[in-house]
Amino acid sequence: MIIEADREKLTALHTTDPFYTRILSLYESYGGGYDFVGFWVQETDGKTVSAISRFEDKFSLYLTEDSDLEEVAAFLRFQGAGAVMTDSRYTLELTSEQVISGQVLRYAGGQYNSESELYTPEIKPLYALLQSCESDIFRVPEYMSFLSDVTHRRNLNKCAIMATDVGGVLASAVMTVSETESAAILGAVATHPDFRRRGLSRELVKTLASQITSQGRAAYVFSASIANTRFYQNSGFEICADFTELIKPF
């Protein structure tokens, strides 16, 4: 049975799983008081076996061996999901217009301190930097939506941003896109095309991931390309799972 979730039901899962981290971080950032988010759990015999979140029309799933996948698929169709991300171990009875697959990696490197001068940039130049790095698998949301979300999460200490300049120009940045007391997910790793192949992104990723692990938390990244996966592996990360994202499933 799938029911709406509150904090007690979500936190009863007690896991640092990266898919669960996405869901819990969203809940702790917005709760159930906004129309553009939603949260549910699936229960079997009184035990929580799955967790589901919605941000606009994008759904994240935390599934287990006890999940009723048929019920989850029916629920997503009923909700009119525009995109669904889940652990690739679990196959849902859904077809889709596009399937994106990749790896989840966890930081396993040692402590690292950058010798570069790092800082927290303003959001507008950060957004411009991200725009310069758009690709088929990396799209930046509309500016006002990005500004509102990042500002809100930073005010709650749910978003850390780290950047470096070259000649007074914002050259590279990384941020946490999900954070809980137990784990954080890094994302929006970007280096302006004019400043690539200098090791700037690696420096930032290793520094931020190292800071997270020094706090006793797990640090994850999601990678949708072979090149990015190799980059993260060379930065101290190890593959811990595979993910599948279904675009416009039905």
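Rules and cut-offs
- Per chain, the residues get numbers from 1 upward, laid out in the order the sequence is written.
- Where local features are concerned, this predicted model is filtered to residues with pLDDT of at least 70; where side-chain atom pairs are given and counted, the filter is 80 or more; whole-chain, interface and lining totals use all residues.
- Excluding hydrogens and water, the side-chain values take into account all heavy atoms of the structure.
- Two rings from Phe, Tyr or Trp (for Trp, the six-membered ring) form a pair when their centres are within 6.5 Å of each other. A pair whose planes differ by under 30 degrees is stacked, one over 60 is edge-to-face, and the rest are tilted.
- Labels follow the DSSP assignment, with helices taken as runs of H or I lasting at least four residues and strands as runs of E lasting at least two, numbered in each case from the N terminus.
- Each residue is assigned to one of three classes by its accessible area relative to the maximum for its type, calculated with a 1.4 Å probe on protein chains only: buried under 20%, partly exposed between the two thresholds, exposed over 50%.
- When DSSP finds two or more bridges between two strands, those strands count as paired.
- Throughout, disulfides are identified as pairs of cysteine sulfur atoms within 2.5 Å of each other.
- The working definition used for a salt bridge is a side-chain nitrogen of Lys or Arg within 4 Å of a carboxyl oxygen of Asp or Glu.
- Side-chain atoms within 4.5 Å link the members of a nonpolar core, which is a set of buried Ala, Val, Leu, Ile, Met, Phe, Trp, Tyr and Cys residues.
- The criterion used for residue contact is that any of the two residues' heavy atoms lie within 4.5 Å.

(A) Region of interest: the packing of aromatic side chains. Tallied over the entire structure, the rule returns 16 aromatic pairs. Pairing Phe19 with Phe222 gives two aromatic rings, centres 5.6 Å apart and planes at 90°, and the pair type is edge-to-face. Here Phe19, found in helix α2 (residues 18-30), pairs with Phe222, found in strand β11 (residues 218-223); they are 203 residues apart in sequence, far enough to count as distant. Taken individually, Phe19 and Phe222 each receive the classification buried, so the pair is uniform in this respect.

(B) Examining the pairing of strand β3 (residues 47-55) more closely. The element β3 is largely enclosed, with a buried count of seven among its nine residues. The pairing of strand β2 (residues 37-44) with β3 spans eight bridges and is antiparallel. Directly across from Gln42, in β3, lies its bridge partner Ser50. Counted along the chain from β2 to the antiparallel partner β3, the turn is two residues long, and its residue Asp45 has a positive phi close to 55°. Looking at chain direction, β3 and strand β4 (residues 58-62) are connected through five bridges and run antiparallel. Paired with Arg54 across the two strands is Phe59, which belongs to β4. With antiparallel pairing between neighbouring strands as the criterion, β3 and β4 make up a hairpin whose turn holds two residues, including Glu56 at a positive phi of roughly 60°.

(C) Up close: the state of the cysteines. Applying the stated criterion across every chain yields a total of zero disulfides. Cysteine Cys159 shares no disulfide, and the gap to the nearest cysteine sulfur, in Cys133, comes to 17 Å.

(D) Looking closely at unusual backbone geometry. Even without being a glycine, Asp45 presents a positive backbone phi close to 55°. Topologically, Asp45 is positioned in the loop between β2 and β3. Among the residues examined, Asp45 registers a relative accessible area of 80% and is labelled exposed. A positive phi angle, close to 60°, is found at Glu56, a residue other than glycine. Here Glu56 shows up in the loop between β3 and β4.

(E) Representation of the pattern of salt bridges within the structure. Following the criterion strictly, the structure yields nine salt bridges and no others. Note that Arg217 and Glu179 form a salt bridge whose closest N and O atoms lie 3.0 Å from each other. Taken as a pair, Arg217 in the loop between α6 (200-214) and β11 and Glu179 in strand β9 (residues 169-179) lie far apart in primary sequence, 38 residues in all. Looking at Glu179, the relative accessible area reads 8%, which means it is buried. A single salt-bridge network, built from bridges that share partners, covers Arg7, Glu28 and Lys158.

(F) Focus on the pairing of strand β8 (residues 161-166). Relative to β8, strand β7 (residues 118-119) is paired through two bridges, and the arrangement is antiparallel. Each bridged residue has a counterpart across the sheet, and for Tyr119 the counterpart in β8 is Ala163. With six bridges joining them, β8 and β9 adopt antiparallel strand pairing. Following the sheet pairing, Met162 is matched in β9 by Val174. Hairpin connection from β8 to β9: two residues lie between these consecutive antiparallel strands, with Gly167 at a positive phi of about 60°.

(G) Fine view of the nonpolar core. Within the largest apolar cluster, 17 residues are counted, with the highest numbers of intra-cluster contacts made by Leu126, Leu130, Phe146, Val150, Ile161 and Met175. Top contributing element to this core by residue count: helix α4 (residues 123-131), with five residues. With sequence-adjacent residues up to four places away left out, Met175 is seen in contact with Leu126, Val150, Arg153, Cys159, Ala160, Ile161, Ile185, Leu186, Gly187, Ala188 and Leu208.

(H) Summary view of the sheet that holds β3. As summarised here, the arrangement of the 12 strands in space is β1-β2-β3-β4-β5-β12-β6-β11-β10-β9-β8-β7, forming an open sheet in which the pairing is mixed. Strands at the two margins of the open sheet, each flanked by one partner only, are β1 (2-4) and β7. The pairing of β9 with strand β10 (residues 183-191) spans six bridges and is classified as antiparallel. Within β10, the residue paired with Ser178 across the bridge is Ile185.

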